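What the coordinates show
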Amino acid sequence: MSGTEATAEEAVSERMRRWRLVLGDTAGEALGGLDGADARMDGALAALYDRDRGGDGPRRGGLEGSAPRVAAWLGDIRSFFPTGVVRVMQADAMERLGLERLLLEPEMMDAVEPDVHLVGTLLSLARVLPVAARESARAVVRRVVADLERRLAGHTRSVVQGALDRSARTARPRRAADIDWDRTIRRNLRHYLPERRTVVPETLVGHGRRDRGVQRHVVLAVDESGSMASSVVYAGVFAAVLGSVRALRTSLVAFDTSVVDLTGRLADPVEVLFGTRLGGGTDINRALAYCQGLMTRPSDSVFVLISDLHEGGVREEMLRRVAAMKAAGVQVVVLLALSDDGAPAYDRANAAALAAMGVPAFACTPDRFPELMAAALQGRSLMSWAEQEQAGREEGGRSAEGRV
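The model shown is predicted, which means the values in this text are computed figures rather than measured ones. Sequence order as written defines the numbering, with residues in each chain counted from 1. In keeping with the predicted nature of the model, local features appear solely for residues at pLDDT of at least 70, side-chain atom pairs appear and are counted solely at 80 or more, and the whole-chain, interface and lining totals rest on all residues. Side-chain calculation: all heavy atoms of the structure are included, whereas hydrogens and water are not.

Let us look at the sheet that holds strand β5 (residues 216-223). At least two bridges found by DSSP between two strands are what make those strands a pair. Per the convention used, a helix needs a DSSP run of H or I reaching at least four residues, while a strand needs a run of E reaching at least two, with both numbered from the N terminus. Read across the sheet, six strands follow the order β7-β6-β5-β8-β9-β10 without closing on themselves; strand pairing throughout is mixed. Only two strands of the sheet have a single partner each, and these edge strands are β7 (259-261) and β10 (361-364). Taken over all neighbouring pairs, the strand axes of this sheet differ in orientation by 25° on average, direction set aside. Across four bridges, strand β9 (residues 331-338) lies against β10 in parallel orientation. Considered in β10, the bridge of V334 is made with A361. Axis definition: a line fitted to C-alpha atoms, over the contacting stretch in the case of helices. Angles run 0 to 180 degrees between N-to-C directions.

Listed below in structure tokens is the structure:
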């Protein structure tokens, strides 16, 4: 057999092997069996995904509620698949097999791959975790929080501090870098010289520097309903980061049908997250009433509501409170989600009502949240910011399609 023929045969064999792993043991007669590591990989997949041909019948595989068996299964998938795939399989196991019940076992904490979704599950179970599992659960949450802080904290502080510095204006900028050229040109358009095709900047507009004592108040109100789990995790981390910026006063409020002020825990984002109670109902109006009482200087306040807007309280009163905040000078931000989970489900009627009063409601990914906060702190139009973001995503999508 020539080298070319051998290579072609190996390629066919590899394709057959991959199809066998995709299709499961129902394809064993046509594609052959598996052995060694492939057999273990196939077993790990079968335990989670194999069903009878009818689709709704009992599973042939399954983890069968045994903590040792599940721990071994989690170890197997971590050895066979990359981290991103492991996280998807863990999430599928939560949904299909009730894996969250087994997370109550202490030994499970060392076997799972920590991520934001797992943290959300642990927080929802926090009240029923046995004592032996609580410290292990906290360790998992702390690992995820530390990773998020490494990725997000530095950029957030830099962008927010820059926004605070630039939100003040001066007619005597000390450095060329402090000149706001866009505003300077617009201020001096009447001094345009057609023959030289230039503007004579008789008046400069510069970015001033805020005094240390000048503060802005940021209030984050986070919906604790079960669908908001990832948003709660990111909001807790961002609130702790914003709380470390000296020029800001930061408040964090979590709510379901009651309201919990977590501001006193901002020094430790893990404590913030374990102070939440995922899974309750939703009374946005009550949360807004509480937050209104916190903002003693409305014109210097930014209010961030993170909710899917499925109001269980008094809808009309909720909308009136948002309108009152806006009329008082509060910069109001409404986020339908703060996560990477894709397009969220939300109450479209409430979102439309907010948009009609000039308060856009949109989802925001964690990597764009610092820029959103910068726009809010500078008093820029959030409607325009959201439209620009949407246009940028659409342009990026078209560019990606063009490359394909």
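Take the confidence of the model for the protein chain next. If pLDDT is low for a region, its predicted coordinates should not be looked at in detail. Per-residue confidence for the protein chain gives a mean pLDDT of 80; residues scoring 70 or more make up 76%. Ignoring residues within four places in sequence, the model shows residues 52-61, a span with pLDDT below 50, making 16 contacts including any to other chains. The pLDDT value tells you how sure the predictor is about a given residue, anywhere from 0 up to 100. The contact criterion used is simple: two residues touch if any of their non-hydrogen atoms lie within 4.5 Å.

Together, W19, V22 and L23 give the surface a local cluster of nonpolar side chains, amounting to about 340 Å² of exposed area. Within the secondary structure, V22 sits in helix α1 (residues 3-23). Relative accessibility decides the category of a residue: with a 1.4 Å probe and only protein chains considered, values under 20% of the type maximum give buried, values over 50% give exposed, and everything between is partly exposed. For V22, a relative accessible area of 62% gives the class exposed. Patch definition: residues above 30% relative accessible area lacking any salt bridge, with like charges linked at up to 9 Å and the nonpolar side chains Val, Leu, Ile, Met, Phe, Trp and Tyr linked at up to 5 Å. Surface accessibility follows the Shrake-Rupley procedure with a 1.4 Å probe radius. Residue values consider only the protein chains on display as shielding. For this analysis, a salt bridge means a side-chain nitrogen from Lys or Arg found within 4 Å of a carboxyl oxygen belonging to Asp or Glu.

Here we take up the pattern of salt bridges. Applying the stated criterion across every chain, the model contains nine salt bridges. The salt bridge involving D300 is made with R297; its shortest N-O contact spans 3.7 Å. A residue is classified by how much of its surface remains accessible, and R297, at 44% relative accessible area, is partly exposed. Between E317 and R321 there is a salt bridge, with the nearest N and O atoms lying 3.7 Å from each other. Taken together, the positions of E317 and R321, both in helix α13 (residues 315-327) and four residues apart, correspond to about one turn of that helix. For E317, a relative accessible area of 24% corresponds to the partly exposed category. Taking the relative accessible area as the measure of exposure, R321 reaches 21% and is therefore partly exposed. When salt bridges with common partners are traced through the structure, they connect D147, R150 and R151 into a single cluster.

Glancing now at the pairing of β5. Across the eight residues of β5, eight count as buried, placing the element largely inside the fold. Burial of the side chains of β5 extends over both faces: R216, V218, L220 and V222 are buried on one face and H217, V219, A221 and D223 on the other. Direction of pairing for β5 relative to strand β6 (residues 248-255): parallel, over a ladder of eight bridges. Paired with V218 across the bridge in β6 is T250. Here is how to tell: hold the view so the strands point away, follow the path from the first strand over the helix to the second, and if it runs clockwise the crossover is right-handed. Remark: the β5/helix α10 (residues 229-243)/β6 crossover connection has right-handed handedness. Inspection of the sheet shows β5 paired to strand β8 (residues 301-306) by six bridges, in the parallel sense. Opposite V222, over in β8, you have I306 as the bridge partner.

Okay, the nonpolar core next. Buried Ala, Val, Leu, Ile, Met, Phe, Trp, Tyr and Cys residues that are joined via side-chain atoms within 4.5 Å together make up what is termed a nonpolar core. Counting residues in hydrophobic clusters, the biggest one holds 63 residues, and the most contacted among them are L335, F369 and L372. Top contributing element to this core by residue count: helix α8 (residues 131-166), with twelve residues. If near-sequence neighbours (up to four positions away) are discounted, L372 is found in contact with V333, L335, F362, C364, L382 and W385. L309, A351, L354 and V359 belong to the second-largest nonpolar core, a separate cluster that totals 24 residues.

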